[in-house]
Amino acid sequence: QVQLVESGGGLVQPGGSRRLSCAASGSLFSAYTMGWYRQAPGKQRELVAEITGGGSTNYADSVKGRFTISRDNAKNTVYLQMNSLKPEDTAVYYCKAGTRWWGQGTQVTVSS
């Protein structure tokens, strides 16, 4: 079983930056593909970015060039660096490990 704890959410102005962190329990972290997803009010949860154990990355078109996913296997942590934030990035951001485990989510609100 994997437990995930996200942090780093909050209120940020348009054009600003924010870094989300997701700390994972367990000894098999490096083997998992880790993903960041988001869900805005009234919308379905969508993939934002994911990173394999080997470091390959994949991004939603809407965040390419603005967001960067990375991982530190020594710290069992995955990060999402978000730059040039837009109001439409406002959502609850969730961390996912493999195909089964989800974090509780962290709210990101982009507003002036």
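Every residue gets a number counted from 1 within its own chain, in the order that chain's sequence is written. The predicted nature of this model means local features are confined to residues of pLDDT at least 70 and side-chain atom pairs, given and counted, to a pLDDT of 80 or more, with totals for whole chains, interfaces and linings taken over all residues. Only hydrogens and water are removed before side-chain values are computed, so all heavy atoms of the structure are retained for them.

**Q** Explain the environment of Lys75 to me, using residue names and the numbers behind them.
**A** With respect to the helices and strands, the residue Lys75 is situated in the loop between β7 (67–72) and β8 (77–82). Burial classes: relative accessible area under 20% of the type maximum marks a residue as buried, over 50% as exposed, and values in between as partly exposed (1.4 Å probe, protein chains only). Relative accessible area serves as the criterion here: at 57%, Lys75 is assigned to the exposed category. Considering only alpha carbons, one finds Lys75 and Thr33, 42 residues apart in sequence, at a separation of 15 Å. Elements are defined by DSSP. Helices are runs of H or I of four residues or more, strands are runs of E of two residues or more, and each kind is numbered from the N terminus.

**Q** So what about the sheet that holds strand β1 (residues 4–7)? Which residues, and what values?
**A** Whether parallel or antiparallel, the strands of a sheet pair through hydrogen bonds between backbone atoms. Pairing within the open sheet is antiparallel, and its four strands lie in the order β1-β3-β8-β7. If you trace the sheet from one side to the other, it starts and ends with β1 and β7, each paired once. Adjacent strand axes in the sheet meet at a mean angle of 15°, parallel and antiparallel pairs treated alike. Pairs of strands are assigned from DSSP output, requiring at least two bridges between the strands. Where β1 meets strand β3 (residues 18–24), four bridges bridge the pair, whose relative direction is antiparallel. The residue of β3 that forms the bridge with Val5 is Ala23. The axes used here are C-alpha line fits, helices contributing only the stretch in contact, and every angle between their N-to-C directions lies in the interval 0 to 180 degrees.

**Q** So what's going on with the pattern of salt bridges? Residues and values would help.
**A** A carboxyl oxygen of Asp or Glu within 4 Å of a side-chain nitrogen of Lys or Arg is what we treat as a salt bridge. Enumeration according to the criterion identifies four salt bridges in this entry. Of the charged contacts in the structure, one is a salt bridge between Arg38 and Asp89, with a shortest N-O distance of 2.9 Å. With Arg38 in strand β4 (residues 34–39) and Asp89 in the loop between β8 and β9 (91–97), the pair connects residues that are 51 residues apart, well separated along the chain. Take Arg38: its relative accessible area is 6%, and that puts it in the buried class.

**Q** Describe in detail the side chain of Ser21, supporting the description with residues and values.
**A** Mapped onto the elements of the fold, Ser21 is located in strand β3. If we ignore the near neighbours within four places in the chain, the residues touching Ser21 are Val5, Glu6, Ser7, Trp36, Thr77, Val78 and Tyr79. Whether two residues are in contact is decided by their heavy atoms: any pair within 4.5 Å suffices.

**Q** Let's hear about the environment of Ala40: which residues, and what values?
**A** Assignment of secondary structure puts Ala40 in the loop between β4 and β5 (46–51). Spatially, the C-alpha atoms of Ala40 and Tyr59 are 17 Å apart, while their sequence positions differ by 19 residues. Setting aside residues no more than four positions away along its own chain, Ala40 makes contact with Thr90 and Ala91.

**Q** Can you tell me about unusual backbone geometry, naming the residues and giving the values?
**A** A negative phi angle characterises most non-glycine residues, just as the trans form characterises most peptide bonds. Positive phi values are uncommon outside glycine, yet Asn76 reaches one of about 50°. By the element assignment, Asn76 lies in the loop between β7 and β8. Look at Asn76 and you get buried, because its relative accessible area is 18%.

**Q** Go over the pairing of β5 with me, naming the residues and quoting the values.
**A** Where β4 and β5 come together, five bridges link them in antiparallel fashion. Opposite Met34, over in β5, you have Ile51 as the bridge partner. Two successive antiparallel strands, β4 and β5, enclose a turn made up of six residues, where Gly42 displays a positive phi of approximately 80°. Bridge count between β5 and strand β6 (residues 57–59): three bridges; the pairing is antiparallel.

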